[in-house]
Amino acid sequence: MPGTETKEAVTVVGAGLVGSLLAMYLARRGYSVEVLERRPDMRREVIDAGRSINLAISTRGLHALRQVGLEAEALKHAIPMRGRMIHSAKGELAYQPYGKDDSQHINSLSRAWLNKFLMTEAEATGRVRIRFKQRVTHVDFETGSLTVHDDATGETRREEGRVLFGTDGSGSAVRQEMDRVPGFTASQEQLGHGYKELTIPAGPGGAFQMEKHALHIWPRGTYMLIALPNEDGSFTCTLFLPWKGPVSFESLDTPARLEAFFQEQFPDAKALIPDLVDAFFSRPTGSMVTVKCAPWRVGGRTLVLGDAAHAIVPFFGQGMNCGFEDCVVLDGLLGRQGRWEDVFADFERLRKTNADAIADMAVENFIEMRDSTGSPRFLLEKAVEKTLLNAFPGEFVSRYTLVSFSRVPYRLAYEVGAIAGGIVSELSEGLTRAEDVNLERAGQLIRGRLVPFMKEHADGFRTEG
Ligand SMILES: Cc1cc2nc3c(=O)[nH]c(=O)nc-3n(C[C@H](O)[C@H](O)[C@H](O)COP(=O)(O)OP(=O)(O)OC[C@H]3O[C@@H](n4cnc5c(N)ncnc54)[C@H](O)[C@@H]3O)c2cc1C
């Protein structure tokens with residue numbers, strides 16, 4: 001471990017994905033870390049790991065794991081997804097690679113496995129103690145003391161003040177307590193859609209019943225179905241539907257309506273989901289929220305990170321990746337050994353604008369996924385984009401590749417992506433086949449608009465994948 005000297009004790013609230021990884025980073029810097037987690041220990045009791053069953057980890061998240069020596073083990077359990085497989089209502093398939101070639105892919109990983117793995121590895125540092133069934137209900141920012149409800153004994157106690165990290169997720173109790181600090185502002189925007197998870201089981205002998213190395217999408221305008229592969233040969237499908245309206249969770253209120261809807265819109269998926277009706281009506285419907293708040297800190301005493309500071313909708317597959325990147329950035333600042341107050345201020349300055357950018361891109365990607373991915377124009381533009389990525393390496397980049405396959409700050413990815421998207425749109429005008437794209441004109445546009453902007457922001461491009 002880099003830090004062998006033992007430093008002060010600190011507290012982390014929440015042993016989810018970000019809290020567990022953060023505890024490990026802090027331990028490696030020499031801090032002794034107490035983690036308070038409201039749920040029981042999922043390694044010993046069967047509990048719902050929350051949110052999605054699996055999730056996509058990409059370059060930013062993998063980089064964060066690599067820094068603490070965990071990437072290789074995580075990748076052993078991951079399934080590479082090299083592109084999107086688009087399913088039409090007639091069951092026709094269209095495949096779009098995510099990057100310039102197969103080396104650029106995202107990875108499907110079990111959320112529960114990853115969370116358990118991170119908790120175990122954090123404890124293995126010898127400096128992390130995770131206490132389960134401990135729910136933080138109040139924070140006194142004057143003294144730093146916490147009120148904790150022990151769900152096992154039913155008792156409530158006070159814990160003395162220490163530096164506190166709030167990684168307690170989108171409904172963060174720590175963030176809610178910050179509401180009482182003068183100058184604090186927070187917004188929570190609920191998406192008008194909810195989600196429901198369904199399962200396509202493995203076929204005979206654990207076979208995958210659809211293409212294994214793809215993220216499957218059934219785009220249908222105001223709603224969509226997606227599916228990610230699992231290690232055991234199954235797929236976890238997520239149905240995103242409006243809460244209310246003509247086609248919505250409210251309107252699909254009987255087995256007959258549900259089955260007719262699936263038969264009409266997702267016939268190929270329906271044939272592979274044997275317990276559709278049971279699963280749909282028995283499983284909970286999840287909600288999605290974008291949380292933005294400021295400041296993320298109270299002096300040098302408390303800092304929120306991960307979803308607690310910046311929950312985003314899941315359509316770019318970046319919520320956890322962004323939270324893991326928070327840990328890397330904080331760790332870099334801790335390496336400079338400043339006062340907590342300065343470290344927290346620098347952290348917010350570096351991360352807030354990037355968290356806001358990925359929050360906005362995630363909402364925009366929802367529209368792209370559910371609406372555009374099925375359109376011929378979108379397919380053409382993606383093919384043109386791939387042609388340009390290969391024809392102009394180092395000069396042409398796209399928003400998706402910068403977000404998913406680089407560590408270029410999200411804000412810069414947003415701005416560069418907008419310029420690149422404009423170029424692709426312009427070049428696709430009047431085309432029917434990507435092969436016919438005018439590469440000479442492409443070179444002029446790229447060197448005229450994109451390259452100068454990237455040069456101007458060269459610092460942001462110096463992060464390695
Ligand atoms: C449907 C869906 C799909 C997603 N897919 C992806 C994806 O593909 N890729 C990706 O990068 N991200 C994805 N995300 C986002 C990702 O799930 C989150 O960004 C990530 O879980 C955030 O981690 P966290 O540790 O900040 O919060 P959480 O994972 O929510 O963990 C918070 C922890 O704090 C605990 N806690 C809460 N309150 C208290 C309290 N008062 N006291 C003590 N403990 C408390 C909770 O029990 C929990 O263990 C998805 C999200 C959704 C909803």
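Everything that follows concerns the structure shown earlier in this document.
Calculation criteria
Residues numbered from 1 in each chain as written. Predicted model: local features only at pLDDT ≥ 70, side-chain atom pairs only at ≥ 80, totals over all residues. Heavy atoms only, no water. Helix = DSSP H or I, 4+ residues; strand = E, 2+ residues; numbered from the N terminus. Buried < 20%, exposed > 50% of the residue type's maximum accessible area, 1.4 Å probe, protein only. Contact = heavy atoms within 4.5 Å. Lys, Arg positive; Asp, Glu negative; His and termini not counted. Charge placed at Lys NZ, Arg CZ, Asp CG, Glu CD. Pairing = 2+ DSSP bridges. Near = heavy atom within 4 Å. Polar contact = N/O pair within 3.5 Å; in protein donor to acceptor, adjacent residues only side chain to side chain. Areas by Shrake-Rupley, 256 points an atom, 1.4 Å probe, with all protein chains shown as cover. Nonpolar A, V, L, I, M, F, W, Y, C, P; charged D, E, K, R; others polar. Phe/Tyr/Trp six-rings, centres within 6.5 Å; stacked < 30°, edge-to-face > 60°. Lys NZ or Arg CZ within 6 Å of the ring centre and 35° of its normal. Axes fitted to C-alpha atoms, helices over the stretch in contact; angles between N-to-C directions. Parallel < 35°, antiparallel > 145°, perpendicular 65-115°, else oblique. Left-handed = near helix turned anticlockwise from the far one by under 90°. Core = buried A, V, L, I, M, F, W, Y, C linked by side-chain atoms within 4.5 Å.

## Comments concerning the overall build of the protein chain
Logical step 1: If you tally the helices and strands in the protein chain, you get 15 helices and 19 strands.
Logical step 2: Over its C-alpha atoms, taken along the principal directions, the protein chain stretches across nearly 65 × 55 × 45 Å.
Logical step 3: Residues classed as buried in the protein chain amount to 54% of the 465 residues present.
Logical step 4: When contacts within the protein chain are restricted to residue pairs at least 6 apart in sequence, those whose partners lie at least 24 apart make up 71%.
Logical step 5: Between the averaged position of the 55 positive side-chain charges in the protein chain and that of its 61 negative side-chain charges there is a distance of 2 Å.

## Some remarks on the sheet that holds strand β19 (residues 302–304)
Logical step 1: Reading across the sheet, the six strands line up as β8-β2-β1-β12-β19-β18 and stay open at both edges, with mixed pairing between neighbours. In the strand order of this sheet, the two ends are held by β8 (128–131) and β18 (297–298), each with one partner.

## Focus: the site of the ligand
Logical step 1: Near the ligand lie 32 residues; those nearest to it are E37, R39, A56, R111 and D307.
Logical step 2: Backbone polar atom of A56 to an oxygen atom of the ligand: 2.7 Å apart, as the coordinates give it.
Logical step 3: The separation between an oxygen atom of the ligand and a polar side-chain atom of R111 is 2.6 Å.
Logical step 4: In the complex, 93% of the free accessible area of the ligand, which totals 1000 Å², lies under the protein chains.
Logical step 5: Residue assignment for the shell around the ligand shows that the elements contributing at least two residues are α1 (17–28), β3 (54–57), β9 (134–139) and α10 (319–334).
Logical step 6: For the shell around the ligand, the per-class residue count stands at twelve nonpolar, twelve polar and eight charged.

## Observations concerning the packing of aromatic side chains
Logical step 1: The full count for this structure, using the stated rule, is 21 aromatic pairs.
Logical step 2: For the ring pair F261 and F266, a centre distance of 5.5 Å and an interplane angle of 85° mean the geometry is edge-to-face. With respect to burial, F261 and F266 carry one shared label: buried.
Logical step 3: On the numbers, 4.0 Å between centres and 15° between planes, the contact of F315 with F366 is stacked. Here F315, found in the loop between α9 (307–310) and α10, pairs with F366, found in helix α11 (residues 340–372); they are 51 residues apart in sequence, far enough to count as distant.
Logical step 4: You can call F315 buried: its relative accessible area is 4%.
Logical step 5: The exposure class of F366 is buried, given its relative accessible area of 3%.
Logical step 6: Ring pairing ties together the aromatic residues Y31, F165, W340 and F344, which thus form one cluster.
Logical step 7: In this structure, R60 packs its charged tip against the face of Y410, placed 4.0 Å from the ring centre.

## Quick notes on the packing of helix α14 (residues 410–428) against helix α15 (residues 439–456)
Logical step 1: One can describe the packing of α14 onto α15 by two numbers: an axis separation of 10 Å at closest approach and a directional angle of 165°. Compared by their axis directions, α14 and α15 come out roughly antiparallel. The way α14 lies across α15 gives a crossing that is right-handed. When α14 is examined against α15, the residues L412, E415, V416, I419, A420, I423, E426 and L427 are found in contact with a partner set consisting of R441, A442, L445, I446, R449, L450, F453 and M454.
Logical step 2: Broken down by class, the residue content of the contact of α14 with α15 amounts to twelve nonpolar, no polar and four charged.

## Observations regarding the nonpolar core
Logical step 1: Core analysis: the biggest nonpolar cluster contains 67 residues, and L21, L26, V33, F165, F324 and L330 have the highest contact counts within it.
Logical step 2: Looking at which element gives the most residues to this core, the answer is α1, with nine residues.
Logical step 3: What F324 contacts, discounting residues up to four positions off in sequence, is L17, V18, L21, I57, G61, A64, L65, L114 and L118.
Logical step 4: In this structure, L191, I226, Y414 and V451 belong to the second largest nonpolar core, which totals 57 residues.

## Focus: the environment of F141
Logical step 1: Structurally, the position occupied by F141 is in the loop between β9 and β10 (146–150).
Logical step 2: The spacing of F141 and V403 is 262 residues in sequence and 36 Å in space, taken between C-alpha atoms.
Logical step 3: Apart from residues lying up to four places away in sequence, F141 is in contact with V174, E177, M178, V181, V298, R301 and T302.

## So, helix α2 (residues 59–67)
Logical step 1: Among the nine residues of α2, seven are classified as buried, and the element is accordingly described as predominantly covered.
Logical step 2: Buried residues of α2: T59, R60, G61, L62, H63, A64 and L65, and no others.
Logical step 3: Positioned one or two residues after α2, G69 has a phi angle of 75°, which is positive.

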